[in-house]
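A closer look at the structure
Each chain, written out:
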Amino acid sequence: MTLDIAGVPVMYLPYFSHPDPTVDRRTGFLTPSLYFGGEFDAVAQVPYYWSIAPDFDVTLQPFFTVKSAPVAAAEVRHLFESGRITFDGSLGYLERTSNSGSRSSESARGHAFVDGAFALDPIWRLTFAGRAASDDSYLETFNIEDADVLRSQAALEGFWQESYVRVGAFGVQDLRETAEQNDTPFALPEIRGLYQGAPTRWGSGFVEADARALLRSKGADGESASATIGWRAPFTTAGGHRFDLEASARGDVYHTRDGVAAGAADDGVVARAAPRLVAGWRYPLLQQNGWGSLIVEPRVQAVAALDGARNRDIPNEDSRAVEFDEGNFFSPDRFVGRDRIDDGQRLDYGISATALFQNGGRAYRFVGQSSARKRGDFAREAGMSGQSSDIVAAATASPAPWLDLAYRARLDKRRFDVRRQEISIGAGPSWLRGELAYVEADAESQGPEVSTAVEQLEAGLAVRFGENWRVSARHHRDLDAGRSLLWSASIAYQDECISVDLGFARDFASQADGGGREDTVFLRVNFKHLGGLGISQGVGERSGSNPVP
């Protein structure tokens, strides 16, 4: 048989068969891929799908290189009556080149991903996900996954109408080159429970509890347990005013060994108690107009908690990243974890406005600020000075199908200088679409970490010609350092039978073997209902540094 494109024969095959489009599963070869360049000069992958049974299949997808023996790889999927399990893994005997250029002798390298979920009965569910790689560059070298961290976890969960229980464990493999894996903790066990009482005229009670044991190969170990009991009472007046009241009391106990490394004052047992009162008011106002409707909602919230909360005597494992934006602005506790408590007394106030247009468009705007009796731990770790917080602002708008706008910012309360801002714009009809994203952030302390100043710009443009052709380009640049991070361009053709995509990408921060800059030309050809071929070609010399283009 011959394969014709636009009436021109481009391939002859003495024998060829393929299931018709109505077939869901059929044993046979899948779309192959081919990559030239990189550490192994050329890498090819030819997957073969094996449909063993309606509930069981295997995809054999080995990697072939010109510098090593083949790398065995496979994906196995099994569907059970009460759950599912998937395994994806690979194993090879390969050399490795570090970012400094040194080469290591051949050793076993590979990865293993497993994922599953099972309903044990109508109440209990078992879930698990395991992810591991032999080293920090293997996954990107073979284009398996671009990840900095691999998280593995398992949990037994119970669901009732009023409560939830989770008993599990988790561990993390840090693939960042500068990270020390021995310092990364794993939790065994991790227990969490929640009970929500039935609502009454005067509100409802709730109970939350969790416990965990954190272990390390090197560094601090310890156990902790926390419990919160409280009452929530929402009220709405006949005039539309909404009042929310909450009273809670929380207690924590920590046992720490080698705790100085984790930020605790001393080894041993530390306990703390943290009562909290929260009172909130909001008053949504609606106005109908000829162009649509406008909803304006002023909101005020008062939070009263103890000062200090003994945070500095407790290791900080889960509250190291600190964010202050519209997402957590009205949260009683703005820390993401439980090791730190948002202490002190404060008043949060803000106003939001939402416009709904008759043509289906919408716009949203929020601005808010907090004032405290004195600066608390959250303000201190977020890098805010004084009694008043930074000003938080956010806005999104989609007034028409051809325009999308978004803006988020933290502004200095005195001079209104921008401490952090994110701007994104998407504009144009379907045949000409442009995108622009800008991020700027000052250097600041975020919990125990110190973030560096960032100023980056990402731009993209896509143009469609007629019904079948599309040209696109994208550029990501670090304005602060004056260098590019990534740029790419491609041209694509697609019709009812075939799609062809040809492009070029330059990655200035590749983590594959050897690291540094990597240039790639790629070609993808797909035949509808028949599969296709993907080819990537590394071009030029691989650079171990990041030159300024």
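A few points on the structure. Predicted, not measured: the structure shown is a model, and the values here were computed from it. (Residues numbered from 1 in each chain as written. Predicted model: local features only at pLDDT ≥ 70, side-chain atom pairs only at ≥ 80, totals over all residues. Heavy atoms only, no water.)

Regarding the pattern of salt bridges
According to the stated counting rule, one finds 35 salt bridges in the structure shown. A salt bridge links Asp325 to Arg408; the nearest nitrogen and oxygen atoms lie 2.6 Å apart. Here Arg408 lies in strand S25 (residues 403-411) and Asp325 lies in the loop between strand S21 (292-305) and strand S22 (345-357), a separation of 83 residues in the sequence. Here Asp325 falls in the buried class, since its relative accessible area comes to 15%. On the basis of relative accessibility, which here comes to 30%, the residue Arg408 falls in the partly exposed class. Within this structure, Arg250, Asp252, Arg272, Arg276 and Asp333 form a network of salt bridges that share partners. (Salt bridge = Lys/Arg side-chain N within 4 Å of Asp/Glu carboxyl O. Helix = DSSP H or I, 4+ residues; strand = E, 2+ residues; numbered from the N terminus. Buried < 20%, exposed > 50% of the residue type's maximum accessible area, 1.4 Å probe, protein only.)

With respect to empty space enclosed by the protein
Taken as a whole, this structure holds three cavities of 30 Å³ or more when the rule is applied. In this structure, the largest cavity spans a volume of roughly 160 Å³. Together, 21 residues line the largest cavity, and Arg334, Arg346, Ala372, Gly376 and Ala379 are the ones closest to its centre. Among the residues forming the lining of the largest cavity, the class breakdown is four nonpolar, 10 polar and seven charged. The space that makes up the second largest cavity amounts to roughly 110 Å³. (1 Å grid on protein atoms, 1.4 Å probe; cavity = no way out; pocket = protein on both sides within 12 Å on 5 of 7 lines; lining within 4 Å. Points joined across faces, edges and corners; volume = space filled by probe spheres on them. Nonpolar A, V, L, I, M, F, W, Y, C, P; charged D, E, K, R; others polar.)

Re the pairing of S25
Looking down a regular strand, the side chains alternate between one sheet face and the other. The sheet contact formed by strand S24 (residues 391-400) and S25 spans eight bridges and is antiparallel. Looking at the pairing, Ala395 lines up with Tyr407 of S25. In this antiparallel pair of consecutive strands, S24 and S25, the connection spans two residues. The pairing of S25 with strand S26 (residues 418-427) spans nine bridges and is classified as antiparallel. Looking at the pairing, Leu411 lines up with Val418 of S26. Hairpin connection, S25 to S26: the antiparallel pair is bridged by six residues, and Phe416 has positive phi, about 60°. (Pairing = 2+ DSSP bridges.)

Quick notes on the environment of Gln61
Looking at where Gln61 falls in the secondary structure, it is placed in the loop between strand S7 (56-60) and strand S8 (63-65). Overall, the relative accessible area of 16% leaves Gln61 in the buried class. Counting along the chain gives 13 residues from Gln61 to Tyr48, while the straight-line C-alpha distance between them is 6.3 Å. Setting aside anything within four residues of it in sequence, one finds Gln61 in contact with Gln45, Val46, Pro47, Ala73, Ala74, Glu75 and Asp88. (Contact = heavy atoms within 4.5 Å.)

A few points about the packing of aromatic side chains
This model, assessed by the stated rule, comprises 17 aromatic pairs. With a centroid separation of 5.4 Å and an interplanar angle of 50°, the aromatic rings of Phe80 and Phe118 are classed as tilted. Here the residue Phe80 occupies a position in strand S9 (residues 72-80), and Phe118 occupies one in strand S11 (residues 103-119), the gap between them amounting to 38 residues. Given the relative accessible area of 17%, Phe118 is considered buried. For the pair Trp124 and Trp160, a centre-to-centre distance of 5.4 Å together with 90° between the ring planes defines the contact as edge-to-face. Of this pair, Trp124 sits in strand S12 (residues 124-133) while Trp160 sits in the loop between strand S13 (149-159) and strand S14 (163-174), placing them 36 residues apart in sequence. Residue classification places Trp124 among the partly exposed positions, given a relative accessible area of 27%. One aromatic cluster is present, built from ring pairs that chain together Phe324, Phe329, Phe330, Phe335, Phe366 and Phe378. Arg151 extends its terminal NZ or CZ atom over the ring of Phe170, reaching a point 4.3 Å from the ring centre. (Phe/Tyr/Trp six-rings, centres within 6.5 Å; stacked < 30°, edge-to-face > 60°. Lys NZ or Arg CZ within 6 Å of the ring centre and 35° of its normal.)

Comments concerning unusual backbone geometry
Here Leu188 and Pro189 are connected by a cis peptide whose omega angle stands at 0°. When you line up the elements, Pro189 lands in strand S15 (residues 186-196). Positioned with a positive phi, Asn143 is a non-glycine residue whose angle comes to about 55°. Secondary-structure assignment places Asn143 in the loop between helix H1 (138-141) and S13. At Phe416, a position not held by glycine, the phi torsion is positive, near 60°. Within the element layout of this structure, Phe416 appears in the loop between S25 and S26. Assessed through its relative accessible area of 53%, Phe416 is described here as exposed.

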